Every structure is written in structure tokens, then in C-alpha cells.
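# Working through the structure, step by step
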Amino acid sequence: MAEHTGDVEIVPCPDGPVLVRGSFAIVGATGPSVDRGRPTVALCRCGLSQRKPFCDGTHRITGFRTDDEPTPLS
Amino acid sequence: MHLPPSRGAVSAALASCLLHGDEPDALNDLVEAALVLVDDLIADDDIQISLFMLYELHYGGFDDVDDALEWNPDLLRARARIEARLEEQLRSAVSVTEHPLPTVDAVAGALFRMTAPTAGPGFSRHVAKKADEQQLRELLLHRSIYQLKEADPHTWAIPRLRGVPKAALVEVQCDEYGNGRPELMHSALFAQTMRGLGLNDDYGHYVDQLPAVTLASLNTMSMFGLHRRLRGAIAGHLAAIEMTSSIPNRLYGDGFRRLGHDSATTLYFDEHVEADAVHEQIAGRDLAGALAAASPELLDDILFGAASCLLLDELTAQHLLSAWRNGESSLRQAERSRGTTRTRAPGHYHG
């Protein structure tokens, strides 16, 4: 939760989901929008969630690992 | 709620003070004596129900107790004596094997390792696969003493934090409190689950049936939350709660669905699968991790708070599974013998 000025903040969590907070909508590729359920959501990155697009914690069972430390914006 | 029945000399003396305005001199003598005689505070019914009564004065209070007693110095003195011993016992009982640097990544990583899901049979898997209807009811009764005021003990910490950790805690708590929609408060969803099983959802309705270890879990949260000195511990405690929630709640929901309960009844568990996958990241990184980075002197307490949560969860799970494996109720015998709760016929746990 670094200080930021944009409307949307996207946080790739190490070995975990992508957190998205701010003003955004999740739009289905072929269907209606997805109800976010809450202001800040965790989107599945390991591909194994049973509640996609949301994270359900399954990455912690499978030992999912990431190595995508983002380069900070200047 | 009304003041629950006492369970021994200390809680009886405390009840006299609370209900009849007796001077707390005798209470403090009895507390002092009990703390000499009692070895394991976590398992002591008299001490834990007393602590529950003293803390409840700061939450919803009791219908039959004067609200002004919340800040009675003698009652606070009795509470402080018990708290000192409880904290001492917890600090010597927990094992903290992680020693991260005070950085966001290192602390969050350590907390995730401490709370990593374990393979093999466990409490939540028992609920998913084997628990019967009465065991589900007992599970809800044990959980109700915290879940009907879910998030409240950690909310005490908000004014004690600043900056990123404060914003993180508020973000998590907003979700816990339904983001402005009272019907979506997690405590309200839990009440809905209780009603789904025909249980009374008034706070404290079943407290007399709950054993010391169940009360000790809540009392520990209250102690961490009410002392600014322990703000690291309450932050670590919340991180541990959130990090041990998504997968167990999925399994709890499976158990209730297996026995035919509807989606309104399982909504509480389903909500926690998604919500706590978010909260565990925020609590681990932006609350606990950022707090350690800003105040490295709190790092040890952050880990202590998390380890305390895990210890009490484990002790509670052991209590329930042990009773169920013996074909017994996990609720207090004294209460059951009064016939105020449904009991199941003696049987054997098929594990």
C-alpha cells in the first residue's frame, strides 16, 4: 500500500495473487461484468483458484512461486 | 447479554462486585491466590470466565451490570494481574522459529511460512468430511463468542497505528464490517449461519457452555487489542487469523453443504474464502510488514501475536477433536447436565 496518485493500484503479491484497489470494473470476456464483492480484490495468478477470477488461497497449497518484482516507477 | 454464571471463587467474587457493587478487595485477594495456585491459565475456567467478564465491560457490556464499572480502578487492577500471568504464559508457550529482518517482504514471508497449510488430517478436514450435525452446531457455538463480534478486538488497534499500517487495518476492517452494509458485516453473516442451524444468535447466549480454552482465544485477542504496548501483537494476531482462513473456511463450507445446509447458511464461509485471500496479503504486507519496517522494535511482538493465535487455534482444535473422537461433546459438562443444550447419544468417532 505505497502512497500513490493513480485511480487504480495493482499490486503483484510475491508468490500470490494480484491485488487491485481503486476505481475499476471486471468485465467478462464474453459475458456480463463480474461482481467485485469488495472494494479491493485479489485476482488469481496461479491459475488454480476455484473462484476465478478471484484468488481462493489455493496457491498456498501448491507452493506457487513468482519472480516478477516490478520495476518501481520513477 | 446478562452476566454469565461464575465458575469458581474468583468469578463468583467478581460477579458480586459487578451485580451488587461489592468492594473489590476480596476479589483482588482471590485473584492473587488463584494466580499462585493455577498453573495453566488457558485451561482454567474460573480465570477465563472472569477475564471474559472484565473485557466484556469494554465491548457490549452486560444488561445487569452498571456501565460505570468499565473503568473501576480495582477491577482494572484485578484484570491487570490476570493479564500479566496470561501474557507470561503465552510468551513462554509459543515457539517462534522465524527471525526475519524488519522489512515488508521478509516479515510477510515469515508470517506466510508460519501459517503455511499443512498436509494430512486436520480440524477443518474433519469438518469437511466427517463432522455430524451436532459437531457442526458445537463448532458454531465455540466460534460464536468471537465471530458474533468479529473484527472488534483488532479494531482497538486503529488509533494506535499511523500511516500505511493504519490504512491497511482500516481497509481490512471496512470489509469485515460490510463496507457500509450492515447485513454484510461478517458478524451478521455468522449470525445468519447460526440461525440456519436453529441456534440463538444473541451475543453470549451460549457462553456458559464454552470451555476455558475457547474463552482464552477471545481473551487473548482482547488483551492484545486493549493494550497499546501490545499493538505489534494484535497486528501479528490479525495477520495469522487472515492467513489461516481462506482454505479452512472452504472446508467448513464443504462440511455444511455435505449435510444439506443452504447457501444462505454457508455464505459466511464462502465470503471468507475470497475476502481473506485479500486480507491475508494486506494484513501480512501492509499491516504487519509495514509496521515492522516503521517500528522494528515491534517485530518480536508481531511474531509473538501471530504465534499466540496459532497456539490457541491448535489448542482449541485439539480440544474439539479429542472430545469428538471419544464420542463426547466439546461443550462444558456442567452446562450439559443442566439440560439446556441438545446432547448427542454416546457414539464413536469414525476417524
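Residues numbered from 1 in each chain as written. Chains lettered and ligands numbered in written order. Predicted model: local features only at pLDDT ≥ 70, side-chain atom pairs only at ≥ 80, totals over all residues. Heavy atoms only, no water.

Further remarks concern the domain arrangement of chain B. Interface size, as often reported, equals the accessible area lost upon joining of the parts. All names here are of chain B. The assigned domain composition of chain B is domain 1 (9-93) and domain 2 (104-337). Taken together, the contact between domain 1 and domain 2 spans 19 residues of the former and 30 residues of the latter. Summing the contributions of domain 1 and of domain 2, the shared interface buries around 2000 Å²; its carbon and sulfur component is 66%. On the domain 1 side of the contact with domain 2, Phe52, Tyr59 and Leu90 bury the most area, a combined 32% of that side's loss. Linking domain 1 to domain 2 there are four salt bridges. Between Arg91 and Asp301 there is a salt bridge, with the nearest N and O atoms lying 3.0 Å from each other. (Domains from an automatic or database assignment. Contact = heavy atoms within 4.5 Å. Buried area = accessible area lost by both parts, 1.4 Å probe. Salt bridge = Lys/Arg side-chain N within 4 Å of Asp/Glu carboxyl O.)

What follows concerns unusual backbone geometry. Residues apart from glycine generally show negative phi values, whereas peptide bonds are mostly found in trans. Here the bond from Lys52(A) into Pro53(A) is cis, since omega is 15 degrees, no more than 30 degrees from zero. In this structure, Ala151(B) is a non-glycine residue whose phi angle is positive, near 85 degrees. Counting through the fold element by element, Ala151(B) comes out in the loop between α7 (133-147) and α8 (152-155). Note on Ala151(B): relative accessible area 1%, which makes it buried. (Helix = DSSP H or I, 4+ residues; strand = E, 2+ residues; numbered from the N terminus. Buried < 20%, exposed > 50% of the residue type's maximum accessible area, 1.4 Å probe, protein only.)

The sheet built from three strands is open, its strands ordered β1-β2-β5 (chain A) with antiparallel pairing. The open sheet terminates on both sides in strands that have one partner only, identified here as β1 (8-12) and β5 (41-43) of chain A. Strand-to-strand twist of the sheet, defined as the mean angle between neighbouring strand axes without regard to direction, takes the value 25 degrees. With three bridges connecting them, strand β2 (residues 18-22) of chain A and β5(A) associate as antiparallel partners. Bridged to Val20(A) within β5(A) is Val41(A). Most of the contacts of helix α14 (residues 263-294) of chain B go to β2(A), to which it runs at about 90 degrees, and overall it touches β2 and β5 of chain A. (Pairing = 2+ DSSP bridges. Axes fitted to C-alpha atoms, helices over the stretch in contact; angles between N-to-C directions.)

Our next topic: the packing of aromatic side chains. All names here are of chain B. Here the structure, examined in full by the defined rule, presents eight aromatic pairs over all chains. Where Phe123 meets Trp324, the ring centres are 5.8 Å apart and the plane angle is 25 degrees; that geometry is what we call stacked. In this pair, Phe123 is assigned in helix α6 (residues 123-129) and Trp324 in helix α15 (residues 299-325), connecting sequence segments 201 residues apart. The structure contains a cluster of three or more aromatic residues connected by ring pairs, namely Phe123, Phe190, Tyr252, Phe256, Tyr268, Phe269 and Trp324. (Phe/Tyr/Trp six-rings, centres within 6.5 Å; stacked < 30°, edge-to-face > 60°.)

Let's shift gears to the UniProt feature "domain: Iron-binding zinc finger CDGSH type" (unreviewed entry) in chain A. Following the UniProt record, the feature "domain: Iron-binding zinc finger CDGSH type" (unreviewed entry) maps to residues 27-65 of chain A here. Split by type, residues 27-65 of chain A is 10% helix and 15% strand. Its first and last C-alpha atoms lie 27 Å apart. (UniProt positions renumbered as here; feature names shortened; annotations may be inferred.)

With that settled, the discussion passes to the nonpolar core. The biggest cluster of nonpolar side chains holds 113 residues, and the ones touching the most others in it are Leu18(B), Leu27(B), Phe52(B), Leu75(B), Leu90(B), Leu111(B) and Phe123(B). In terms of residues, this core owes the most to one element, α15(B), which gives 14 residues. Residue-level mapping places this core at the junction of two domains, with at least three residues from each of domain 1 (9-93) and domain 2 (104-337) of chain B. Excluding its chain neighbours within four sequence positions, the residues that come into contact with Leu111(B) are Ala239(B), Met243(B), Gly284(B), Ala288(B), Ile302(B), Leu303(B) and Ala306(B). In this structure, Val20(A), Ile26(A), Val41(A) and Phe54(A) belong to the second largest nonpolar core, which totals six residues. (Core = buried A, V, L, I, M, F, W, Y, C linked by side-chain atoms within 4.5 Å.)

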